[in-house]
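Inside the fold
What follows is the residue order along each chain.
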Amino acid sequence: MIFKGNAWVFKDNIDTDVIIPARYLTTTDPKELASHCMEDLDPDFSVKVKEGDIIVAGNNFGCGSSREHAPLAIKSSGISCVVASSFARIFYRNSINIGLSILECEDCIKNIKTGDVLEINTDMGIISNVTTGETFKARPFPEFIKNIINAGGLLNYAQEVGGNA
Amino acid sequence: MGMTITQKIFAKHSGKRFVEPGELIMAEVDIALANDITGPVAIEEFKKAGGQKVFDREKIALIPDHFAPSKDIKSAELCKILREFAKEQQIVHYYEVGRMGIEHALLPEQGIVLPGDLIIGADSHTCTYGALGAFSTGVGSTDLAFAMLTGKCWFKVPETIKFIYHGKTNSWVTGKDLILHTIGDIGVDGALYKAMEFTGDALCHLSMDERFTMANMAIEAGGKNGIMEPDNTTLEYVKNRAKRPYEVFMSDADAVYLNIIDYNVEKIRPKVALPHLPENVVDVEDAENIAIDQVIIGSCTNGRLEDMRMAAKVIKGHKVHPYVRLIVIPATQQIYQDMIKEGITEVFIQAGAVVSTPTCGPCLGGYMGILAKGERAVATTNRNFVGRMGHPESEVYLSSPAVAAASAVRGKIAHPGEVTDSDI
């Protein structure tokens with residue numbers, strides 16, 4: 001997949017409580033969840049974010065709660081891909097499982113500013129900062145994870161491989 | 001080459017004699033758990049994937065505990081989805097309000113999770129059951145749906161960091177203080193993707209309740225699981241609860257560890273984690289005089305009977321500070337009843353506290369004690385992220401039940417020794 005959009009840069013340890021506060025977990029509607037995405041850090045995020053935009057963050061993105069509502073809210077807000085130095089374990093699984101594109105890259109946070117235009121090739125794991133002309137390489141996914149991503153999520157993958165999952 | 005307890009549980013549940021860190025495996029789960037927030041999403045995914053019947057109705061636990069008893073119409077609808085699915089699938093471990101408790105206190109108490117088990121839960125604090133010598137970890141709703149369909153879950157076998165606690169704990173130092181100290185030391189991503197194996201002579205003296213507290217917060221250091229080898233205390237706890245066979249696993253002497261971290265607990269003092277990360281840990285003395293508005297004693301971290309006994313011991317004969325709300329939430333109905341029998345509920349009410357029915361409620365900013373802008377709470381819970389308990393400009397300070405109780409009396413963060421001459 002190729003994504004192009006503006007970067008939104010966040011720091012280390014962005015937890016799932018700020019991605020989608022628990023007070024909104026009484027709904028499972030992705031659009032409603034998206035309208036509160038990142039609200040406690042930036043109340044206008046959901047209004048300002050444009051289709052295709054990209055989140056760039058530091059270490060341990062998505063730490064805390066197991067709520068799948070967090071990657072759902074991000075995906076539904078229009079964000080096409082999250083690039084972080086590292087992801088918290090459950091958020092990583094959840095994103096792969098629901099088909100939110102994520103990439104691990106330690107250099108991005110140091111070299112990308114909010115508003116920079118990025119172009120990402122997820123298959124190649126290449127992140128290009130169109131604004132500065134710099135290019136970064138993401139850590140490759142294990143084969144098994146690639147298969148889930150290519151199937152469009154865990155349950156699609158399970159259906160593809162049938163009883164052999 | 002030997003295996004750690006975590007590797008051994010994975011090997012057994014994936015039908016292998018040996019598994020090594022980094023290996024991707026498909027493992028059978030003994031229990032798959034969901035609550036009123038994560039369950040409805042899992043149920044929707046289960047149905048979308050064509051699910052008709054769960055893989056085993058005895059191996060799924062559905063607990064309405066987060067926003068239950070339902071706080072509003074929307075949360076009532078979520079509980080209804082959980083309830084109807086439990087009825088339709090004849091789920092054995094469904095607990096209705098009135099019998100329900102906070103999932104991570106209820107499941108061990110009822111003997112549903114046991115040593116040697118492999119447990120997944122659509123709740124990040126599922127790691128709690130590692131205190132029993134089980135592998136247990138949090139997953140999302142889609143993983144849970146997959147497990148409800150197939151009885152399986154994929155894992156990458158983690159490397160293990162071993163934490164050795166030795167020495168005799170100081171007065172008012174509890175399992176909560178040991179785990180806060182650990183998170184403060186290694187940071188909120190200090191054990192990212194790793195198994196945390198807790199061991200050492202200091203742990204032998206900890207009650208099961210304190211061990212659950214420690215394993216519960218492994219996720220707060222990014223850990224995949226927190227685990228302890230079973231000992232006599234574990235087996236005594238499990239003895240009258242288990243209704244099925246279980247297996248005790250121990251790490252081999254030649255097991256390989258990524259890292260071994262040693263703590264002399266004699267140097268550890270009662271702790272507080274300052275906003276807005278659980279790694280911002282300081283000694284209570286260094287946070288004294290911070291004025292507070294509310295105290296929460298409860299949660300899957302510290303809502304068990306020992307926690308209540310400890311808090312009651314501190315607060316007995318005192319009154320809660322006039323401008324502080326003390327909210328006490330026993331984690332299960334059994335604990336609630338035991339508190340009444342032991343006179344603990346009376347102590348709290350006499351002091352001017354609220355004693356609530358079991359619920360996760362305020363811990364995640366659901367209800368039953370939400371903070372206004374600028375308010376501060378001391379809580380025995382597990383997270384102090386921005387907005388966790390209410391307004392994004394409110395603050396949560398994490399502590400043990402003893403420190404929380406002392407703080408409720410003083411109206412500011414306080415060491416238990418300031419309030420009582422007794423000791424634990």
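Just so we're clear, the structure is a prediction, and the values are computed from it rather than from any experiment. The numbering scheme is per chain: residues are counted from 1 as the chain's sequence reads. Going through the entries in the order they are written, you letter the chains from A and number the ligands from 1. Reporting of local features is limited, given that this is a predicted model, to residues whose pLDDT is at least 70; pairs of side-chain atoms are given and counted only at 80 or more, and all residues count toward the totals for whole chains, interfaces and linings. Hydrogens are left out, water is left out, and the side-chain values use all remaining heavy atoms of the structure.

1. A short note on the interface of chain A and chain B
Short version of the rule: Contacts were defined at the residue level, with two residues in contact if any of their heavy atoms lie within 4.5 Å. Summed over both partners, the accessible area (1.4 Å probe) lost when two parts come together is defined as the buried area. Any carboxyl oxygen of Asp or Glu within 4 Å of a side-chain nitrogen of Lys or Arg constitutes a salt bridge here. The secondary structure listing takes helices from DSSP runs of H or I that are at least 4 residues long and strands from runs of E that are at least 2 residues long, numbered from the N terminus. Throughout this entry, Asp, Glu, Lys and Arg are counted as charged residues, while Ala, Val, Leu, Ile, Met, Phe, Trp, Tyr, Cys and Pro are counted as nonpolar. The remaining residues, Gly among them, count as polar.
Facing 41 residues of chain A, the contacting portion of chain B comprises 47 residues. For the pair chain A and chain B, the two sides together bury roughly 3700 Å², of which 61% comes from carbon and sulfur. If you look at where chain A meets chain B, you find 3 salt bridges. Its salt-bridge partner being Lys74(B), residue Glu32(A) comes within 2.7 Å of it at the nearest N-O pair. Every element with two or more residues in the side of chain A that touches chain B is listed here: helix H1 (16-19), helix H5 (89-98), helix H7 (143-151) and helix H8 (154-161) of chain A. The dominant element in the side of chain A that touches chain B, judged by the number of residues it contributes, is H5(A), at 7 residues. When the residues that make up the side of chain A that touches chain B are grouped by side-chain class, the tally is 17 nonpolar, 14 polar and 10 charged.

2. Brief notes about the environment of Thr114(A)
Residues and elements named next belong to chain A. The following threshold applies: For the exposure calls, accessible area comes from a 1.4 Å probe over protein chains only, and a residue counts as buried if that area is under 20% of its type's maximum, exposed if over 50%, partly exposed in between. Side-chain atoms alone can form a polar contact between residues adjacent in sequence; in general such a contact is a pair of N or O atoms within 3.5 Å, and within protein one must be able to donate a hydrogen while the other accepts it.
Looking at where Thr 114 falls in the secondary structure, it is placed in the loop between helix H6 (108-111) and strand S5 (117-121). Residue class for Thr 114 comes out partly exposed when judged on its relative accessible area of 48%. Sequence separation between Thr 114 and Ile 54 is 60 residues, and the spatial gap between their C-alpha atoms is 9.6 Å. Each residue touching Thr 114, except ones within four places of it in the same chain, is listed here: Ala 7, Trp 8 and Val 9. Reaching out from Thr 114, the side chain makes a polar contact with the backbone nitrogen of Val 9 at a distance of 2.9 Å.

3. Digging into the domain arrangement of chain B
Residues and elements named next belong to chain B. How we decide: Domain delimitation follows an automatic or database domain assignment.
The domains assigned to chain B are domain 1 (5-263) and domain 2 (271-423). Carbon and sulfur atoms make up 63% of the area that domain 1 and domain 2 hide from each other, which totals about 3300 Å². The largest share of the area that domain 1 buries against domain 2 comes from Ile 102, Trp 172 and Lys 176, three residues that together contribute 24% of it. On inspection of domain 1 and its partner domain 2, the count reaches 1 salt bridge. The interface formed by domain 1 and domain 2 includes 24 residue pairs in polar contact (both at pLDDT 80 or more). Among the elements of the structure, helix H4 (103-109), helix H6 (175-186) and helix H8 (208-216) are those that each provide at least two residues to the side of domain 1 that touches domain 2. Among the elements that make up the side of domain 1 that touches domain 2, the one with the highest residue count is H6 (6 residues). When the residues that make up the side of domain 1 that touches domain 2 are grouped by side-chain class, the tally is 15 nonpolar, 15 polar and 8 charged.

4. Some words on the nonpolar core
Note the following rule: In these notes, a set of buried Ala, Val, Leu, Ile, Met, Phe, Trp, Tyr and Cys residues joined through side-chain atoms within 4.5 Å is what counts as a nonpolar core.
With 140 residues, the main nonpolar core has Ile55(A), Phe61(A) and Phe348(B) as its most contacted residues. Of the residues that make up this core, three or more belong to each of domain 1 (5-263) and domain 2 (271-423) of chain B. Those residues within four positions of Ile55(A) in sequence are excluded, and the remaining contacts are Trp8(A), Phe10(A), Met38(A), Phe45(A), Phe61(A), Ile74(A), Ile79(A), Cys81(A), Val82(A) and Val83(A). Met217(B), Val265(B), Ile327(B) and Ile329(B) belong to the second largest nonpolar core, which has 66 residues in total.

5. Some details on a nonpolar patch on the surface
Basically, it comes down to this: Patches draw on residues past 30% relative accessible area with no salt bridge. Two like charges within 9 Å are joined, as are two nonpolar side chains (Val, Leu, Ile, Met, Phe, Trp, Tyr) within 5 Å. For every accessible area listed, the method is Shrake-Rupley and the probe measures 1.4 Å; residues are considered covered only by the protein chains on display.
A cluster of nonpolar side chains, contributed by Leu235(B), Tyr246(B), Val248(B) and Met250(B), occupies part of the molecular surface with about 300 Å² of accessible area. In this fold, Leu235(B) is placed in helix H9 (residues 232-239).

6. Some details on the sheet that holds strand S11 (residues 259-264) of chain B
Residues and elements named next belong to chain B. Put simply, the rule reads: Each pair of strands is called paired provided DSSP finds at least two bridges between the two strands. An axis is simply a line fitted to the C-alpha atoms; with a helix, the fit covers only the stretch in contact. Between two such axes, the angle follows the N-to-C directions and lies from 0 to 180 degrees.
The 4 strands are arranged S10-S9-S8-S11 in an open sheet whose pairing can be described as parallel. Either end of the sheet is taken by a strand with one partner, and the two such strands are strand S10 (225-227) and S11. Averaged over all pairs of adjacent strands, the angle between strand axes in this sheet comes to 20°, irrespective of strand direction. Here strand S8 (residues 160-166) pairs with S11 via 6 bridges, running parallel. Looking across to S11, one finds that Lys 162 is bridged to Ile 260. Running at roughly 130° to S11, H6 makes contact with S8, strand S9 (195-199) and S11 of the sheet.

7. Overview of the packing of aromatic side chains
Stated precisely, the cut-off is as follows: Aromatic rings from Phe, Tyr and Trp, taking only the six-membered ring of Trp, are treated as a pair when their centres fall within 6.5 Å; an angle between ring planes under 30 degrees marks them as stacked, one over 60 as edge-to-face, and anything in between as tilted.
If you walk through the whole model with that rule in mind, you get 18 aromatic pairs over all chains. Between the aromatic rings of Trp8(A) and Phe45(A), the centroid separation amounts to 5.2 Å while the plane-to-plane angle is 75°, which identifies the pairing as edge-to-face. Taken together, the residues Trp8(A) in strand S1 (residues 2-9) and Phe45(A) in helix H3 (residues 45-48) connect sequence positions 37 residues apart. With a relative accessible area of 13%, Trp8(A) lands in the buried category. For Phe45(A), a relative accessible area of 0% gives the class buried. Relative to Tyr157(A), the ring of Phe144(A) lies with its centre 5.8 Å away and its plane at 85°, an arrangement referred to as edge-to-face. Of this pair, Phe144(A) sits in helix H7 while Tyr157(A) is found in helix H8, placing the two residues 13 residues apart along the sequence. Taken as a pair, Phe144(A) and Tyr157(A) share a single burial class, namely buried. Connected via pairs of aromatic rings, a cluster forms that spans Phe163(B), Tyr165(B), Phe198(B) and Tyr263(B).

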